[in-house]
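# Notes for the structure review
Now for the letters of each chain:
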Amino acid sequence: RLNAKTELGTTGGTVVVAPSLPEPALTDASGTPVAFRLGGDDLLSVIVFGNEDVSVPRVRIDKSGRLSVPVAGVVTAGGLSIAELEAEIERRLRAKYFRGPQVSVSLLEIESAKVTVDGQVMKPGVYPVMPNMTLMQSVASAAGVTETARLNEVVIFRTVAGTRYAALYDLRAIRRGNYEDPRVFADDIVLIGDSSARRLFRDFIQIIPLLTTPIIVAFQNS
């Protein structure tokens, strides 16, 4: 059952099977929502409506956290939310006598956030997390799986609020639409066909139908 609990001596803690892999906390300690903060090497699109000459379809924040926008000049974007950056560019344009500028900033590539993809993929490595990136997309970032990859042994490791989670997925089941292609987030580790990761799930593989659900476990301190 999905709420089953068991003690595994090799983990040093309690393994709890959950229905879904928790997403990273999007709130601070007080429960207030936390906006995504831009960082060095993030790729953006900056559109000033009605002013194509000022718009920048693709601009990358440099490693010091700054980017350049025509007329607005060099803007420190690192540490700002997207809404704050839009407001800052609009403020600068108004100072240059633009009347009621409307700025839209879109995040094209999150280079400041990374996901590790390892195991039976063509190009194991660390890759930028794209907006709304999924497990299948993260595998594609690593040039896809090898010919001998075990597609039913794909594990995502994630830490949320101090708890370490591992989720076992079957890429074939995702392709067939048996369950959703899960999102991946910054600092996730994706392992394809890794035997050491597979051993974490040996007590569950026979009792939970992977074709209809992934297996999610939380490794909690005893």
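For the structure, see preceding data.
Let me sum up the structure you'll find in this document. (Residues numbered from 1 in each chain as written. Predicted model: local features only at pLDDT ≥ 70, side-chain atom pairs only at ≥ 80, totals over all residues. Heavy atoms only, no water.)

A separate point is the overall build of the chain. Per the secondary structure count, the chain includes four helices and twelve strands. Of all intrachain contacts in the chain linking residues separated by at least 6 positions in sequence, the fraction that spans at least 24 positions is 54%. Counting every atom, the chain has about 11,900 Å² of accessible surface; 51% of that belongs to carbon and sulfur. (Helix = DSSP H or I, 4+ residues; strand = E, 2+ residues; numbered from the N terminus. Contact = heavy atoms within 4.5 Å. Areas by Shrake-Rupley, 256 points an atom, 1.4 Å probe, with all protein chains shown as cover.)

Further remarks concern helix H1 (residues 82–95). In this model, H1 (14 residues) spans 20 Å end to end at C-alpha, consistent with the 20 Å of a helix rising 1.5 Å per residue. All of the buried residues in H1 are Leu85, Glu86, Ile89, Glu90 and Leu93. Burial along H1 is one-sided: seen end-on, the buried residues are contained in an arc of 135 degrees. Buried-residue contacts for H1 involve strand S3 (43–48), strand S5 (66–69), strand S6 (73–76) and strand S7 (103–119). Of the residues trailing H1, tyrosine 97 is marked for its positive phi of about 75 degrees. (Expected span 1.5 Å × (residues − 1). Buried < 20%, exposed > 50% of the residue type's maximum accessible area, 1.4 Å probe, protein only. Arc of directions from axis to C-beta.)

Turning our eyes to something else, we now look at the environment of glutamate 84. For glutamate 84, the location among the structural elements is in helix H1. Overall, the relative accessible area of 35% leaves glutamate 84 in the partly exposed class. In this structure glutamate 84 touches Arg37 and Gly79, once residues within four positions along its chain are discounted.

For the rest of this paragraph, the subject is the pattern of salt bridges. Under the defined criterion, the tally for this structure stands at nine salt bridges. Glutamate 88 serves as the salt-bridge partner of arginine 92, at 2.9 Å between the closest nitrogen and oxygen. Highlighted residues: arginine 92 and glutamate 88, both in helix H1, separated by four residues, approximately one helical turn. Residues joined in a network through salt bridges with shared partners are Glu88, Arg91 and Arg92. (Salt bridge = Lys/Arg side-chain N within 4 Å of Asp/Glu carboxyl O.)

Right, let's talk about the nonpolar core for a bit. If you look at the biggest cluster of nonpolar residues, it comprises 48 residues, and the most contacted ones within it are Leu44, Leu67, Leu85, Ile89, Leu135, Tyr169 and Val190. Counting residues in each nonpolar core, the second largest holds nine residues, with Val155, Phe157, Leu168 and Phe201 among its members. (Core = buried A, V, L, I, M, F, W, Y, C linked by side-chain atoms within 4.5 Å.)

Turning our eyes to something else, we now look at the side chain of glutamine 120. Secondary-structure assignment places glutamine 120 in the loop between S7 and strand S8 (125–129). Aside from chain neighbours lying at most four places away, what touches glutamine 120 is Val145, Thr146, Thr148, Ala149, Arg150, Ile192 and Gly193.

Another point: the packing of aromatic side chains. Within a pair of aromatic rings, the relevant descriptors are the distance that separates the centres and the angle that separates the planes. Under the counting rule described, the total for this entry stands at one aromatic pair. With centroids separated by 6.2 Å and ring planes inclined at 50 degrees, the aromatic side chains of tyrosine 169 and tyrosine 179 adopt a geometry described as tilted. With tyrosine 169 in strand S10 (residues 163–169) and tyrosine 179 in the loop between helix H3 (171–176) and strand S11 (189–192), this pair connects stretches of sequence that are ten residues apart. For the pair tyrosine 169 and tyrosine 179, a shared accessibility class is recorded, and that class is buried. (Phe/Tyr/Trp six-rings, centres within 6.5 Å; stacked < 30°, edge-to-face > 60°.)

A few words now on the pairing of S10. For S10, the tally of buried residues reaches six of seven residues, placing the bulk of the element in the interior. When strand S9 (residues 154–160) meets S10, the two strands line up antiparallel, connected through seven bridges. Opposite isoleucine 156, over in S10, you have alanine 167 as the bridge partner. Taking the residues between adjacent antiparallel strands as the criterion, S9 and S10 are bridged by two residues, where alanine 161 takes a positive phi near 50 degrees. (Pairing = 2+ DSSP bridges.)

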